[in-house]
Amino acid sequence: MSRQEPTLFDPVQAGELRLRNRVVMAPLTRNRAPDAIPTALMAQYYTQRASAGLLISEATAISQQGQGYFDVPGLYGTEQLDGWKTITRDVHAAGGTMVVQLWHVGRVSHTELQVNGDAPVAPSAITAKTRTVLMRDGVPTFVETSAPRALRANELPGIVHAYQTAARNAVETAGFDGVEIHGANGYLLDQFLKSGSNSRTDDYGGSIENRARLMLEVVRAVSGAVGGGRTGIRLSPVTPANDAFDADPQPLFAYLMRELATLHLAYVHVIEGATGGPRVLPDRPFDYVAMAATYRRAGGKGAWMVNNGLDKALAERELAAGADLFAFGRPYIANPDLVERLQRGGPFNTGDRDTYYGGGAKGYTDYPTLPR
Ligand SMILES: Cc1cc2nc3c(=O)[nH]c(=O)nc-3n(C[C@H](O)[C@H](O)[C@H](O)COP(=O)(O)O)c2cc1C
């Protein structure tokens, strides 16, 4: 008799995290945290979605320097940690499991958001061809990112330390079940990783080993503080988001997989293709099956999480192919009870794009659930 195959709705273990199903709420920046402090409305929003196997918080700044957009929450102040504590308490009371996404935007920022109006920091002084969103007269407005300055090598230990402190505070003080290191979408760690944004000539630039160094130092520091089994990492090998580009990503990510495999992480989270766009990019071919196989061959345990444009059928195909967890982004904006809707085969609400970023309850906590 053949073994019963798991479904999307069966429990799974991801490192130390016992998840009640395999449906994950992807990290979604919603810009509703004035002064970087999480609110009661955010608690309501996350709690509405607590039937997910795992909630990944919106990207959350590890430091003021790591901020790049208006009204994004942080993890570097007491009031911020207190705000998150209320949220994790409510999510836990609803039976949910929640990690926080640790964010440093690097060059995707603006002088207005930086301490003393400083330039944003980056591996190299190369301006990202992308925009950020700032508040102008009460209206979220796209603005070109500011020219960054290259970080000095002697500043990097401070950045690693900021990740570690944020992770420790997230778990010990704010009550998160773990953390996800944001290594994707053209932000600081991805900027170091990829050749298009890193032209350094020191130990943090040039070879694959050097470009991956900062990310691996951060993963080791964070997992050392909270445990590998409570640490995940998000990667996007070929996304063009925020001007991210690498000339030869396959060997870069193979190296990273071999190194991460030794760290006993809760999960590796991979955005397949262009974030929020096509899953296959003709000019940026990439073999995700090979990436996952390299991780497993090198002894990598924990869960393999996939994301981007998933629906139930595609998630089921990826499950059959060996993935463990399935992150849904835009579907979670509009469907607080996404697990139940996937189970019943729909129907699904459509999200209102005008209320994705910023605002209040409208388009945030007012999407209907299915009648019981
Ligand atoms: C409004 C919005 C905010 C997002 N914020 C984040 C974020 O904070 N961190 C992150 O890693 N990805 C972020 N993403 C990307 C999503 O997590 C996800 O990768 C993307 O939407 C593709 O998945 P989907 O097709 O299921 O929506 C965001 C996407 C949207 C639409």
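Our subject is the structure listed above.
A brief report on the enclosed structure follows. (Residues numbered from 1 in each chain as written. Predicted model: local features only at pLDDT ≥ 70, side-chain atom pairs only at ≥ 80, totals over all residues. Heavy atoms only, no water.)

### Remarks on helix H6 (residues 249–260)
- Taking 1.5 Å per residue, twelve residues should reach 16 Å; H6 reaches 16 Å between its end C-alpha atoms and fits that length.
- Against helix H4 (188–193), helix H5 (208–226), strand E11 (231–235), strand E12 (267–271), helix H7 (288–297) and strand E13 (303–307) lie the buried residues of H6. (Helix = DSSP H or I, 4+ residues; strand = E, 2+ residues; numbered from the N terminus. Expected span 1.5 Å × (residues − 1). Contact = heavy atoms within 4.5 Å.)

### Quick look at the packing of helix H1 (residues 40–48) against helix H2 (residues 78–93)
- Across the interface, H1 lies against H2 with an axial gap of 9 Å and an inter-helix angle of 30 degrees. On the basis of the axis angle, H1 is roughly parallel to H2. In terms of crossing hand, the pair formed by H1 and H2 is right-handed. On the side of H1, the interface is formed by Met42, Ala43, Tyr46 and Thr47, while H2 contributes Trp84, Ile87, Asp90 and Val91.
- Its residues assigned to classes, the contact of H1 with H2 comprises six nonpolar, one polar and one charged. (Axes fitted to C-alpha atoms, helices over the stretch in contact; angles between N-to-C directions. Parallel < 35°, antiparallel > 145°, perpendicular 65-115°, else oblique. Left-handed = near helix turned anticlockwise from the far one by under 90°. Nonpolar A, V, L, I, M, F, W, Y, C, P; charged D, E, K, R; others polar.)

### Some words on the site of the ligand
- Near the ligand, the surroundings consist of 21 residues, among which Thr29, Arg234, Asn307, Gly329 and Arg330 are the closest.
- Interatomic distance of 2.8 Å between a side-chain N/O atom of Gln101 and a nitrogen atom of the ligand.
- At 3.1 Å from an oxygen atom of the ligand is found a side-chain nitrogen or oxygen belonging to His182.
- Coverage of the ligand by the protein amounts to 92% of the 620 Å² it exposes when considered alone.
- It is helix H9 (residues 330–334) that provides the largest number of residues to the shell around the ligand, a total of three residues.
- Grouping the constituent residues of the shell around the ligand by class yields nine nonpolar, ten polar and two charged. (Near = heavy atom within 4 Å. Polar contact = N/O pair within 3.5 Å; in protein donor to acceptor, adjacent residues only side chain to side chain. Areas by Shrake-Rupley, 256 points an atom, 1.4 Å probe, with all protein chains shown as cover.)

### Topic: the pattern of salt bridges
- Following the criterion strictly, the structure yields 15 salt bridges and no others.
- In this structure, Lys194 and Asp190 form a salt bridge, with 3.1 Å as the shortest nitrogen-oxygen distance. Assigned by exposure class, Lys194 and Asp190 land together as buried.
- Three or more residues joined by partner-sharing salt bridges are found here, namely Arg107, Lys129 and Asp243. (Salt bridge = Lys/Arg side-chain N within 4 Å of Asp/Glu carboxyl O. Buried < 20%, exposed > 50% of the residue type's maximum accessible area, 1.4 Å probe, protein only.)

### Side note on unusual backbone geometry
- Residue Gly346 is joined to Pro347 through a cis peptide bond whose omega torsion reads 0 degrees.
- Its location among the elements puts Pro347 in the segment after helix H10 (338–344).
- The residue Asn185 is not glycine, and still its phi comes out positive at about 60 degrees.
- Its location among the elements puts Asn185 in the loop between strand E10 (178–182) and H4.
- The exposure class assigned to Asn185 is buried, which follows from its relative accessible area of 10%.
- Unusually for a residue other than glycine, Asp243 sits at a positive phi of about 70 degrees.
- Inspection of the secondary structure assignment puts Asp243 in the loop between E11 and H6.

### Examining the pairing of E13
- Summarising burial for E13: five of the five residues are buried, a large majority.
- As judged from the five bridges shared by E12 and E13, these two strands associate in the parallel manner. Bridge assignment links Val270 to a residue of E13, and that residue is Val306.
- Between the parallel elements E12 and E13, the chain passes through H7 in a crossover that is right-handed. (Pairing = 2+ DSSP bridges. Right-handed = clockwise from strand over helix to strand, strands pointing away.)

### A word on the nonpolar core
- Ranked by internal contacts, the top residues of the largest apolar core, which has 89 residues, are Tyr46, Leu102, Leu235, Leu256, Leu260 and Trp304.
- Sorting elements by how many residues they give to this core places H5 first, with ten residues.
- Contact partners of Leu102, with chain neighbours within four places excluded, come to Thr60, Ile62, Leu75, Tyr163, Ala166, Ala167, Val179, Glu180, Ile181, His182 and Val222.
- Listed in part, the 15 residues of the second largest apolar core include Val12, Ala26, Ala303 and Met305. (Core = buried A, V, L, I, M, F, W, Y, C linked by side-chain atoms within 4.5 Å.)

### A look at H1
- Of the residues making up H1, those classed as buried are Met42, Ala43, Tyr45 and Tyr46. Projection of H1 onto a plane perpendicular to its axis shows the buried side chains occupying an angular sector of 165 degrees, all on one side.
- Buried positions along H1 lie against strand E3 (23–25), strand E4 (54–61), H2 and strand E5 (98–103).
- By the N-cap criterion, in which a side-chain oxygen at the helix start approaches the backbone nitrogen of a residue two or three places on, H1 is capped by Thr39, the distance to Leu41 being 3.3 Å. (Arc of directions from axis to C-beta.)

### Observations concerning the packing of H6 against H7
- Running from amino to carboxyl end, H6 crosses H7 at an angle of 25 degrees, the nearest separation of the two axes being 8 Å. Considered as vectors, H6 and H7 are oriented roughly parallel to each other. Every pair of crossing elements has a handedness; the one defined by H6 and H7 is right-handed. Along the contact surface, H6 presents Gln250, Phe253, Ala254, Met257, Arg258 and Leu260, while H7 presents Ala290, Met291, Thr294 and Tyr295.
- Looking at the contact of H6 with H7, its residues break down into seven nonpolar, two polar and one charged.

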